[in-house]
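# Structure at a glance
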Amino acid sequence: SGLAKVLTAKEDAVPGGWTYLVETIEAELDQQTRAYEKVKAVSADNSDGIKHLADGLKRMHLTLFQYHDVKTKNAAAAWKHLKRGNAYKLAYVAPFNEELEKKRALNVQQVFTPGFFPQGIGSDARTPIFIIGFVRSGSTLLERILDSHPSVVGYGENSIFNGRLDMIRNEIVRASMGGDPKALRATVQTLADGVVSEMRDRWETIEANKSELRDDERRSPVRFVDKMLTNYMNVGFIHILFPNALILHVAREPMDTIFSAFKHDFTPGGLDYMSEFNGVARLYHSYRDVMEHWDRVLPGRVTHIRYEDLVTDLPRMAPKIIEAASVDWDPTVLDFHKKKHAVNTMSTAQVRQGVYSHHIKGWKRYEQYLGPLLDLVGDRVNYDLRTTLKGYTPLQKEE
């Protein structure tokens, strides 16, 4: 629940703290469970009522998971509630279609072959900066670092490129089928200009609504961060439109990011299946398959950033990130967590606390319950990926 997130960030922010919230839930949990089972048994056709009760039970159990995970540190109790909460979440979601997910990733690899990309097309603009990766990988932290620079703006999880993707795809296909290279070049340039224009328009609208800002506080950005993690599927189209734009892939230790996704209560939709072992493992394999594909067909095109480097070596990494964005260094970037430029994502509260690394390998607390998931992830529990920022040398690991 939202209150649990507040308490996780700062327990004394709410009178009574966790005690008040937990006692309230525990007083209602058995009654709500009985009501759910009764409605389910009596009227299976009452899907709206059952879903409503299931959603309430999901939130109760996930709140108790957070309580035991953060406050009591009781992994057994936390796991019990996480498992029950996820079960209620998935109770009325269609079964995960593993074959469809495999096909989706395979289609990308079959279409965007080394010989696919036409030469001499695409915008020269470096205006967009794209952030891609798997969910819960540290992308909000990376965006906030960029957004804290006076010349860079981040929009949170509101990708302009992704919002125009269907049109981009359709127009490129149409122009390609015409067989006229000049027409294809003009189409791609128009599409790229449209993305940049919407980025600027959105920023002007945001600025116009900030009446409290003085003129000297207003920014004139030259870079706009487009963060949509699932755009790792769309690197091919990004490259066609913006062959010179920076694409940053943030990658986190596999089981940390997978378990973080598994335990997170995403907004209902395409990420529901992160809450089951088979779903989250398959989605992670698709991500790795596609990212390895881009490194093969577009070697060096994507800049990799390891989350663990970011949180343990920020003073050395931040200047290289800003340099990659082709803007001058500003030392206030290191105070990103103190700045007011809000990024409205599920990770914002954590980012506002600054950089922290105590949760690296946090999944290990629950390792005894994750055996089947580890088996599904297989060899990809390891990710031999190095940060590839130009001029950056990772710290040597202590033996």
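Residues numbered from 1 in each chain as written. Predicted model: local features only at pLDDT ≥ 70, side-chain atom pairs only at ≥ 80, totals over all residues. Heavy atoms only, no water.

## Brief notes about the nonpolar core
Formed by 99 residues in total, the largest nonpolar core has its most connected members in Leu146, Phe161, Leu241, Phe242 and Trp294. In contact with Phe161, other than residues within four places in its own chain, are Phe130, Ile168, Val195, Asp226, Asn231, Asn234, Phe237, Ile238, Leu241 and Phe242. One finds Leu21, Leu53, Leu57 and Met60 within the second-largest nonpolar core, a separate group that totals 17 residues. (Core = buried A, V, L, I, M, F, W, Y, C linked by side-chain atoms within 4.5 Å. Buried < 20%, exposed > 50% of the residue type's maximum accessible area, 1.4 Å probe, protein only. Contact = heavy atoms within 4.5 Å.)

## Considering the environment of Lys58
Mapped onto the secondary structure, Lys58 falls in helix H3 (residues 47-72). Once the C-alpha coordinates of Lys58 and His81 are considered, the two residues, 23 residues apart in sequence, prove to be 9.0 Å apart. Once residues within four sequence positions are removed from consideration, Lys58 is found in contact with Gly85, Tyr88, Lys89 and Asp265. (Helix = DSSP H or I, 4+ residues; strand = E, 2+ residues; numbered from the N terminus.)

## Focus: the sheet that holds strand S2 (residues 152-154)
If you walk across this open sheet you meet the 5 strands as S2-S3-S1-S4-S5, and the pairing is parallel. On the outer flanks of this sheet lie S2 and strand S5 (303-306), each paired with one strand and no other. Across the sheet, the mean angle from the axis of one strand to that of its neighbour is 25°, orientation sign disregarded. For strand S4 (residues 246-251) and S5, the ladder comprises 4 bridges, and the chain directions are parallel. Paired with Val250 across the two strands is Ile305, which belongs to S5. Docked against the sheet, helix H9 (residues 181-208) engages strand S1 (128-133), S2 and strand S3 (223-227), running at close to 100° with respect to S3. Most of the contacts of helix H12 (residues 277-297) go to S4, to which it runs at about 140°, and overall it touches S1, S4 and S5. (Pairing = 2+ DSSP bridges. Axes fitted to C-alpha atoms, helices over the stretch in contact; angles between N-to-C directions.)

## So, the packing of helix H4 (residues 75-90) against helix H11 (residues 254-263)
Close contact between H4 and H11 brings their axes to 10 Å; oriented N to C, the two are set at 65°. Taking contact as the criterion, the partners of Trp79, Leu82 and Asn86 in H4 are, on H11, Phe259, Phe262 and Lys263. Here the contact of H4 with H11 is composed, by residue class, of 4 nonpolar, 1 polar and 1 charged. (Nonpolar A, V, L, I, M, F, W, Y, C, P; charged D, E, K, R; others polar.)

## A few points about the packing of aromatic side chains
In the structure shown here, the tally under the stated rule is 22 aromatic pairs. The interplanar angle of 10° and the centroid separation of 5.2 Å between the aromatic rings of Trp79 and Tyr369 together place this pair among those described as stacked. Residue Trp79 is located in helix H4, and its partner Tyr369 is located in the loop between helix H15 (348-351) and helix H16 (371-377); the two are separated by 290 residues in the primary sequence. Classification of Trp79 by relative accessible area gives buried; the value is 11%. Between Phe112 and Phe237, the ring centres sit 5.1 Å apart and the planes meet at 85°, which makes this aromatic pair edge-to-face. (Phe/Tyr/Trp six-rings, centres within 6.5 Å; stacked < 30°, edge-to-face > 60°.)

## Thoughts on unusual backbone geometry
A positive phi angle, near 60°, is found at Lys73, a position not held by glycine. Mapped onto the secondary structure, Lys73 falls in the loop between H3 and H4. For Lys361, which is not glycine, the phi torsion reads 65° and is therefore positive. Inspection of the secondary structure assignment puts Lys361 in the loop between H15 and H16.

## Looking at the packing of H3 against H4
Two elements in contact, H3 and H4, have axes separated by 8 Å at closest approach and are oriented at 155°. As summarised for this structure, H3 and H4 are arranged roughly antiparallel, according to the angle between their axes. Once H3 is placed against H4, the crossing between them reads as left-handed. Of H4, the residues touching H3 (which contributes Ala54, Leu57, Lys58, His61, Leu62, Leu64, Phe65, His68 and Asp69) are Ala77, Ala78, His81, Leu82, Arg84, Gly85, Asn86, Tyr88 and Lys89. Across the contact of H3 with H4, the residue classes tally to 9 nonpolar, 5 polar and 4 charged. (Parallel < 35°, antiparallel > 145°, perpendicular 65-115°, else oblique. Left-handed = near helix turned anticlockwise from the far one by under 90°.)

## Points about H3
Between its terminal C-alpha atoms H3 stretches 36 Å, which fits the 38 Å expected from 26 residues at 1.5 Å a residue. Positive phi shows up at Lys73, right after H3, with a value of about 60°. (Expected span 1.5 Å × (residues − 1).)

## Overview of the confidence of the model for the protein
Across the protein, the average pLDDT comes to 89, with 91% of residues at or above 70. Long-range and interchain partners of residues 342-346, a stretch whose pLDDT sits below 50, account for 14 contacts in this model, where long-range means more than four residues apart. (pLDDT = per-residue confidence, 0-100.)

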